[in-house]
Amino acid sequence: MDTTVYLVRHAEAEGNVYRRCHGQYDSLLTPRGFQQLPYLAQRFAPVPLDAVYASDLYRARTTAGAIADAKGMGVSLRPVLREINMGVWEDKPWAELPRIDPEKYHEWQSAPWKCVVPGGESVMDAGARMFDGVRGLAQSHTGGSIAVVTHGSAIRGALCIALGLQPEQLGEVGWGDNTCVAKLRFQGGDVEPEYWNDASHLPEQLSTFASIGWTNHKGVPASPQIWFKPVDLGDGAERETLLRFARQKYESAYGSADGLQPEQYLADTRAMQDKCPRAVTFGMMDDIPAALVRMNVCDESRPDTGVVGSFVIDEPYRGCGLSQQVIGQAISVYRELGKDYLCAYVADHNERAKGFYHKFGFQQDGEYRNELGNHYRMVKRIKVDAPSEE
């Protein structure tokens, strides 16, 4: 008897848009990811399912929950369904990798089926691991139908195996958009893929790939990407660049840089860096500082909350998709410091800044006043909860 398995990629998650290497690093869905979920649930509404399974990573189990909840079912978690383990690359910006590990990054780009990052596994190993788990689930539901929510690279490796392709043919499988579906039929030891990488249930405005753009016929999404370099306060040119960004921030927020006190600003920056070397970084477009991410790690007014000092994107690079990568850097730093929330103080008349934070899921949480005037306190939860007991 045939067993039908619907293999589903998770909804849009932080790594997809923050342009960071998230394999088994556990991260949240984006606002657009949550918007994708009802369309996925609607797709499965008429599909009979005996069970819904998912990787235990948040982005997969939350996506699976949308399918299961609509049917009054639960989700069974299986760590074997996790994404590829990216070892020492986990949570690093993709743009940083060719700088810190150029040979391995070149292999990842040119022959990903062979690439094993130190401490990690290859795409094919991840695909085989996940596919073995799926095969076992299919055997436990003989003659039935199940949905399995997992991850992009693991799905590519598994499809390569299911289609009988050689590892070097991995590129022929292509990438599937977030929430894409593959339909596999298992019979005994054989498997027949009916379709794969199908995200036809998503309207174009909710497609992750459509929002990021395309670079080639293989469907590999790309956007301008930055890496992050700690500001060197001992370098005069970098100090001046830092202060230039600071003036832009003050002019944008308050209409004038008159309130900026350069010496105090530099001293505060040094204190932040002393507490956390990643607290103040330039977002680098190749070798050019394109953005500033300055986090006030010295503010412990709320121990569970990380405070944004300032985000600034230089004028030539605005509108290029860098803002989400800037947010991603702040979240990365504060998660590492054990914070549950990220907050920013926005001048009450700065509608552009309020729109920026709302776009990335921040909510107003009170008001604050200092010598520069009234501010809104904008807060976003960044903690990734552990899965609840089944």
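Residues numbered from 1 in each chain as written. Predicted model: local features only at pLDDT ≥ 70, side-chain atom pairs only at ≥ 80, totals over all residues. Heavy atoms only, no water.

**Q** Explain the overall build of the chain to me, please; I cannot follow it from the model alone.
**A** Of the regular secondary structure elements, the chain holds 12 helices and 13 strands. For the chain, whose C-alpha radius of gyration is 23 Å, the value lies close to the compact-globule estimate of 21 Å for 390 residues. Overall, the C-alpha framework of the chain stretches about 75 × 45 × 35 Å when taken along its three principal axes. Taking all 390 residues of the chain together, 55% fall into the buried category. In the chain, the share of contacts with a sequence separation of at least 24, taken over all contacts with a separation of at least 6, comes to 68%. A total accessible area of about 16900 Å² is found for the chain, and carbon and sulfur atoms account for 47% of it. Distance between charge centres in the chain, computed from 41 positive and 51 negative side chains, equals 2 Å. (Helix = DSSP H or I, 4+ residues; strand = E, 2+ residues; numbered from the N terminus. Rg over C-alpha atoms; globule rule 2.2 N^0.38 Å. Buried < 20%, exposed > 50% of the residue type's maximum accessible area, 1.4 Å probe, protein only. Contact = heavy atoms within 4.5 Å. Areas by Shrake-Rupley, 256 points an atom, 1.4 Å probe, with all protein chains shown as cover. Lys, Arg positive; Asp, Glu negative; His and termini not counted. Charge placed at Lys NZ, Arg CZ, Asp CG, Glu CD.)

**Q** Any chance you could explain the packing of aromatic side chains here in plain terms?
**A** Aromatic ring pairs are reported here in terms of the distance separating the ring centres and the angle at which the planes meet. Scanning all chains against the criterion turns up 13 aromatic pairs. Arranged with centres 4.6 Å apart and planes meeting at 40°, the rings of Y345 and Y368 form a pair that is tilted. Within this pair, whereas Y345 is found in strand β11 (residues 341-347), its partner Y368 is found in strand β12 (residues 363-370), the two being separated by 23 residues in sequence. Overall, Y368 belongs to the partly exposed group, its relative accessible area being 36%. An angle of 90° between the planes, with centres 5.0 Å apart, marks the rings of F356 and Y357 as edge-to-face. Residue classification places Y357 among the buried residues on the basis of a relative accessible area of 8%. An aromatic cluster of at least three residues, connected via ring pairs, comprises F311, F356, Y357, F360 and F362. The ring of Y265 carries the charged tip of R294 above its face, separated from the ring centre by 3.8 Å. (Phe/Tyr/Trp six-rings, centres within 6.5 Å; stacked < 30°, edge-to-face > 60°. Lys NZ or Arg CZ within 6 Å of the ring centre and 35° of its normal.)

**Q** Can you help me understand the sheet that holds strand β7 (residues 227-230) in this one?
**A** Sheet strands line up and pair through hydrogen bonds in the backbone, either parallel or antiparallel. Taken in spatial order, the 7 strands of this open sheet run β7-β8-β9-β10-β11-β13-β12, and their pairing is mixed. The two strands at the open ends of the sheet, each matched to only one other strand, are β7 and β12. The sheet shows a mean angle of 35° between the axes of neighbouring strands, direction not considered. Sheet topology places β12 next to strand β13 (residues 373-381); 6 bridges connect them, and they run antiparallel. Directly across from R369, in β13, lies its bridge partner N374. (Pairing = 2+ DSSP bridges. Axes fitted to C-alpha atoms, helices over the stretch in contact; angles between N-to-C directions.)

**Q** Can you walk me through the packing of helix α6 (residues 123-139) against helix α7 (residues 152-162) in this structure?
**A** To describe two helices that pack against each other, one gives the angle between their axes and the distance between the axes. Here α6 crosses α7 at 75°, and the two axes come no closer than 7 Å. Relative to α7, the element α6 lies roughly perpendicular. From α6, V123, M124, A126, G127, A128, M130 and F131 reach across to α7, where they touch S153, A154, I155, G157, A158, C160, I161 and A162. Classifying every residue of the contact of α6 with α7 gives 12 nonpolar, 3 polar and no charged. (Parallel < 35°, antiparallel > 145°, perpendicular 65-115°, else oblique. Nonpolar A, V, L, I, M, F, W, Y, C, P; charged D, E, K, R; others polar.)

**Q** Help me out: how do you make sense of the pattern of salt bridges in this one?
**A** Opposite charge on two side chains allows them to pair when their charged atoms are near. For the structure on display, the rule yields 20 salt bridges. As a salt-bridge pair, E107 and K104 come within 3.3 Å of each other at their nearest N and O atoms. Note that E107 and K104 are positioned in helix α5 (residues 102-110) at a spacing of 3 residues, about one turn of the helix. Using a relative accessible area of 22% as the deciding quantity, one classes K104 as partly exposed. Between E315 and R318 there is a salt bridge; the shortest N-O distance is 2.7 Å. When salt bridges with common partners are traced through the structure, they connect K183, R185 and E194 into a single cluster. (Salt bridge = Lys/Arg side-chain N within 4 Å of Asp/Glu carboxyl O.)

**Q** Where do I start with the pairing of β11 in this structure?
**A** The side chains of a regular strand alternate between the sheet's two faces. Where burial is concerned, most of β11 is hidden: 5 out of the 7 residues are buried. Bridge count for strand β10 (residues 305-313) against β11 is 3 bridges, and the pairing is parallel. From the neighbouring strand, G306 faces β11, where its bridge partner is L342. Note on the crossover from β10 through helix α11 (residues 323-336) to β11: the handedness is right-handed. (Right-handed = clockwise from strand over helix to strand, strands pointing away.)

**Q** Explain the state of the cysteines to me, please; I cannot follow it from the model alone.
**A** Every disulfide links exactly two cysteines, by a covalent bond between their sulfur atoms. According to the stated counting rule, one finds 0 disulfides in the structure shown. Distance from the sulfur of C115, which forms no disulfide, to the nearest cysteine sulfur (C21) is 9.7 Å. The exposure class assigned to C115 is buried, which follows from its relative accessible area of 1%. A disulfide-free cysteine, C343 has its sulfur positioned 14 Å from the sulfur of C298, the nearest such atom. With a relative accessible area of 1%, C343 lands in the buried category. (Disulfide = S-S within 2.5 Å.)

**Q** What's the story with helix α3 (residues 58-70) in this structure? I'm lost.
**A** The α-helix winds at 3.6 residues per turn, so residues separated by three or four positions along the chain end up facing the same way. Under the 1.5 Å per step criterion, the end-to-end length of α3 is 18 Å for 13 residues, consistent within 8% with the ideal 18 Å. Judged by how many residues are buried, α3 sits mostly within the fold: 11 of 13 residues are covered. Buried residues in α3 make contact with β1 (3-9), α2 (31-44), β2 (51-54), β3 (76-77) and β4 (145-150). Following α3 by one or two positions, G72 adopts a phi angle in the positive range, close to 70°. (Expected span 1.5 Å × (residues − 1).)

Everything listed is a geometric property; what it means functionally is a separate question.
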